Amino acid sequence: MAVECVGATARMVIESWGVAVIEPDADFIADEARNVTSQFGEDGLVGALFAHIGATAKTCFEVGAHDGAWFSNSKALRDQGWSALLIEADDNKFQALQRFAGPNVRCVHEKVGGNDLDRLLGAWLPDGGDVDFGVIDVYGQDYWLWKNMERFQPRAILVEFSPEDDPEPPDENCSLSDYKHQAGFSAIVELGRAKGYVPLVRTVCNVLFCRQDAWRPPLVQERIVLKFDGSNGKPCFPLTDHA
């Protein structure tokens, strides 16, 4: 269901989520912002990207996974059978998160830092291989967690940034977890480009990136069918507003 098909109200909702195009050829992705469990339309953005580039192993991780459902940016994929590594530090949230644990979903109770993501992903995927999608949503240390990932480079990744002004990255040893100690939009985009990613679209507090070797602009004829209507096995997420 393309945004144009649901009228001005949907457009106003999407604009309220702060959805904006960064890479001009990714405009078709921005049009598909919608929520299943995400907060600012990220479910639709991620779904539109993978409808275009395809998935390899259908694997994902989410650090800062909360209870596995509340504003989750991976649950829509997990509901489609993707395997996932879900990481949460808070005791109460992790207790709720464990209800999603199973053969395809590993839940880890840990406060991450340094190169912990490479370590945890390596334990989950000891034979290596591509990770299709990752989410880093931990407030203060998003920048450094991604910067320190070297072994694993997901084909696409969603990284949170501070919507307050445009601050530089915090000190790597900063333990405070609030927006005052989180990197801003420019710093996150610059880091992504340095790591070989194309910043595609943003919401009010997240940037969706695609690894350069996985991204390709859609052909003219593809733009006609990339209006996200759920046909040909493509997921179709309902437009909802959690804000």
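Refer to the structure printed above.
What comes next concerns the included structure. Per chain, residue numbering runs from 1 following the sequence as it is written. Reporting in this predicted model follows two pLDDT cut-offs: at least 70 for local features of residues, and 80 or more for side-chain atom pairs to be given and counted; totals over whole chains, interfaces and linings ignore these cut-offs and use all residues. Computation of side-chain values covers all heavy atoms of the structure but excludes hydrogens and water.

Before going further, it helps to examine a negative patch on the surface. Here, patches come from residues exposed beyond 30% relative accessible area and free of salt bridges, joined within 9 Å for like charges and within 5 Å for nonpolar side chains (Val, Leu, Ile, Met, Phe, Trp, Tyr). Each accessible area is a Shrake-Rupley result for a 1.4 Å probe, and residues are judged covered by the shown protein chains and nothing else. For this analysis, a salt bridge means a side-chain nitrogen from Lys or Arg found within 4 Å of a carboxyl oxygen belonging to Asp or Glu. Counting rule applied: Lys, Arg positive; Asp, Glu negative; His and chain ends not counted. For this purpose, a charge sits on NZ of Lys, CZ of Arg, CG of Asp or CD of Glu. A contiguous patch of negative charge on the surface is contributed by E164, D165, D166, E168 and E190. Elements are defined by DSSP. Helices are runs of H or I of four residues or more, strands are runs of E of two residues or more, and each kind is numbered from the N terminus. Tracing the backbone through its elements, the reader meets D166 in the loop between β6 (156–160) and α8 (185–194).

A word on the nonpolar core. One recurring pattern in soluble globular proteins: nonpolar side chains tend to sit buried together. The biggest cluster of nonpolar side chains holds 37 residues, and the ones touching the most others in it are I29, L49, F133, L200, V201, L208 and W215. The element contributing the most residues to this core is helix α3 (residues 42–53), with six residues. Residues in contact with L49, not counting those within four places in the same chain, are I29, G54, A156, L200, L208, F209, C210 and W215. Listed in part, the 30 residues of the second largest apolar core include I87, V131, M149 and A183. Put simply, a nonpolar core is a bunch of buried Ala, Val, Leu, Ile, Met, Phe, Trp, Tyr and Cys residues held in one set by side-chain atoms that sit within 4.5 Å of each other. Exposed residues in this analysis have more than 50% of their type's maximum accessible area, buried residues have under 20%, and partly exposed residues fall in between, with area computed by a 1.4 Å probe over protein chains only. What makes two residues a contact is simply this: any of their non-hydrogen atoms within 4.5 Å.

Whether parallel or antiparallel, the strands of a sheet pair through hydrogen bonds between backbone atoms. What the eight strands build is an open sheet, ordered β1-β7-β8-β6-β5-β2-β3-β4; its pairing is mixed. Edge positions in the sheet fall to β1 (20–21) and β4 (105–109), since each of these pairs with one other strand and no more. Sheet strands in contact with helix α6 (residues 116–124) are β2 (59–63), β3 (83–88), β4 and β5 (133–136), and its direction is about 140° off that of β3. Along the sheet, α8 makes contact with β6, β7 (197–202) and β8 (206–211), crossing β8 at roughly 10°. Being paired, for any two strands, means DSSP has found at least two bridges between them. Axis angles are defined between N-to-C directions and span 0 to 180 degrees, where every axis is a line fitted to C-alpha atoms and, for a helix, only to the segment in contact.

If you walk through the whole model with that rule in mind, you get seven salt bridges. For R155, the salt bridge is made with D132, and the minimal N-O distance between the two is 2.7 Å. Residue R155 is found in the loop between α7 (142–147) and β6, and its partner D132 is found in the loop between α6 and β5; the two are separated by 23 residues along the sequence. With relative accessibility at 7%, the residue R155 sits in the buried group. Several salt bridges converge on common partners, so that one network encompasses E110, D116 and R119.

Two aromatic rings from Phe, Tyr or Trp, using only the six-membered ring of Trp, form a pair when their centres are within 6.5 Å; if the ring planes differ by under 30 degrees the pair is stacked, by over 60 it is edge-to-face, and anything between is tilted. Scanning the entire structure with this criterion turns up eight aromatic pairs. Taken together, a centroid distance of 4.4 Å and an interplanar angle of 35° make the contact between W70 and F71 tilted. Ring centres of W146 and Y197 lie 5.4 Å apart, and the angle between their planes is 70°; this geometry places the pair in the edge-to-face category. Taken together, the residues W146 in helix α7 and Y197 in strand β7 connect sequence positions 51 residues apart. Assessed through its relative accessible area of 1%, Y197 is described here as buried. Among the aromatic residues, ring-to-ring pairing joins F50, W82 and F133 into one connected group. Charge-over-ring contacts are defined here by two conditions on Lys NZ or Arg CZ: a distance within 6 Å of the ring centre and an angle within 35 degrees of the ring normal. Cation over ring: R78 sits above F100, and NZ or CZ is 5.1 Å from the ring centre. One cation-aromatic arrangement involves R202 over F185; the distance from NZ or CZ to the ring centre is 4.5 Å.

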